[in-house]
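As a plain string of letters, each chain reads:
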Amino acid sequence: MPGPPIYVVCDRRYASHQFREHLWNHGSRPMIPPGKNDPEVACPKWAYRHRHMVENLWARPQEWLAVATRHEKIATSFFSVILIAATADYIRI
């Protein structure tokens, strides 16, 4: 079984001291920017920028209902639907 993730990148909605402590106690480093009224905490800007890229990566396939709800129950069928969605998205660009 793999260990805890090294970094946990979240949105400002999860910016609480208690949640950050929970992540630290489980061996992960929180990458959560402070809330608007919270004191400054260490959150590298590069990590937060990459969060945006990952969200965009999954936003496109979720437009395909079969990918978003995973109607395909067999792994090979699901992978095929992902490939079709990615190919159609690539051709559309």
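This is a predicted model, so every value here is computed, not measured. Within every chain, residues take consecutive numbers counted from 1 along the sequence as written. Where local features are concerned, this predicted model is filtered to residues with pLDDT of at least 70; where side-chain atom pairs are given and counted, the filter is 80 or more; whole-chain, interface and lining totals use all residues. In computing side-chain values, all of the structure's heavy atoms are included and hydrogens and water are not.

**Notes on the overall build of the protein**
Inference 1: Secondary structure elements are taken from DSSP: a helix is a run of H or I of four residues or more, a strand is a run of E of two residues or more, and numbering for both begins at the N terminus. On a plain count of helices and strands, the protein comes out with four helices and two strands.
Inference 2: The N-to-C order of helical and strand elements in the protein reads β-α-β-α-α-α.
Inference 3: By the compact-globule yardstick of 12 Å for 93 residues, the protein is too spread out, its C-alpha radius of gyration being 17 Å.
Inference 4: Oriented by its inertia axes, the alpha-carbon framework of the protein measures out at about 45 × 35 × 20 Å.
Inference 5: The buried share of the protein, taken over its 93 residues, is 23%.
Inference 6: Of the contacts formed within the protein by residues at least 6 apart in sequence, a portion of 20% connects residues at least 24 apart.
Inference 7: Only the protein chains shown count as cover for residues, with accessible areas throughout obtained via the Shrake-Rupley method and a probe of 1.4 Å. Here the protein displays about 7600 Å² of accessible surface, and carbon together with sulfur accounts for 62% of that area.
Inference 8: Charge-centre separation for the protein: the mean point of 12 positive side chains lies 2 Å from the mean point of 8 negative side chains. Computation of the radius of gyration draws on C-alpha atoms alone. For the globule rule, the value is 2.2 Å times the number of residues to the power 0.38. Relative accessible area decides the class of each residue, using a 1.4 Å probe on protein chains only: under 20% of the type maximum gives buried, over 50% gives exposed, and in between gives partly exposed. Throughout, a contact is declared for two residues whenever any of their heavy atoms are within 4.5 Å. Charge assignment in this entry is limited to Lys and Arg as positive and Asp and Glu as negative, and neither His nor the chain termini are counted. The location of each charge is read from NZ of Lys, CZ of Arg, CG of Asp or CD of Glu.

**Structural notes on helix α4 (residues 75-92)**
The α-helix winds at 3.6 residues per turn, so residues separated by three or four positions along the chain end up facing the same way.
Inference 1: Take the number of residues in a helix, subtract one, and multiply by 1.5 Å to get its expected span. Here α4 contains 18 residues, and its C-alpha end-to-end distance of 26 Å stays within 8% of the 26 Å for a straight helix at 1.5 Å per residue.
Inference 2: Looking only at α4, the buried set comprises Phe78, Val81, Ala85 and Asp89. Summarising the axial view, the buried residues of α4 lie within an arc of 70°, below the 170-degree limit, and thus occupy one face. What points out from α4, more than 90 degrees from its buried face, is the exposed set Thr76, Phe79, Ile84, Tyr90 and Ile91. Arc definition: directions from the helix axis to the C-beta atoms.

**As for the nonpolar core**
Inference 1: Within the largest apolar cluster, five residues are counted, these being Val8, Cys10, Ala15, Leu23 and Ile32.
Inference 2: Residues contacting Ile32, with those up to four places away along its chain left out, are Val8, Cys10, Asp11, Tyr14, Ala15, Phe19, Arg20, Leu23, Val41 and Cys43. Residues grouped as a nonpolar core are buried Ala, Val, Leu, Ile, Met, Phe, Trp, Tyr and Cys residues, joined through side-chain atoms within 4.5 Å.

**As for the confidence of the model for the protein**
Inference 1: For the protein, the mean per-residue pLDDT works out to 78, and 90% of the residues sit at or above 70.
Inference 2: The predictor rates its confidence in each residue with pLDDT, a number between 0 and 100. Taken element by element, the predicted model of the protein shows its lowest mean pLDDT in helix α3 (residues 65-69) (68) and its highest in helix α1 (residues 17-25) (89).

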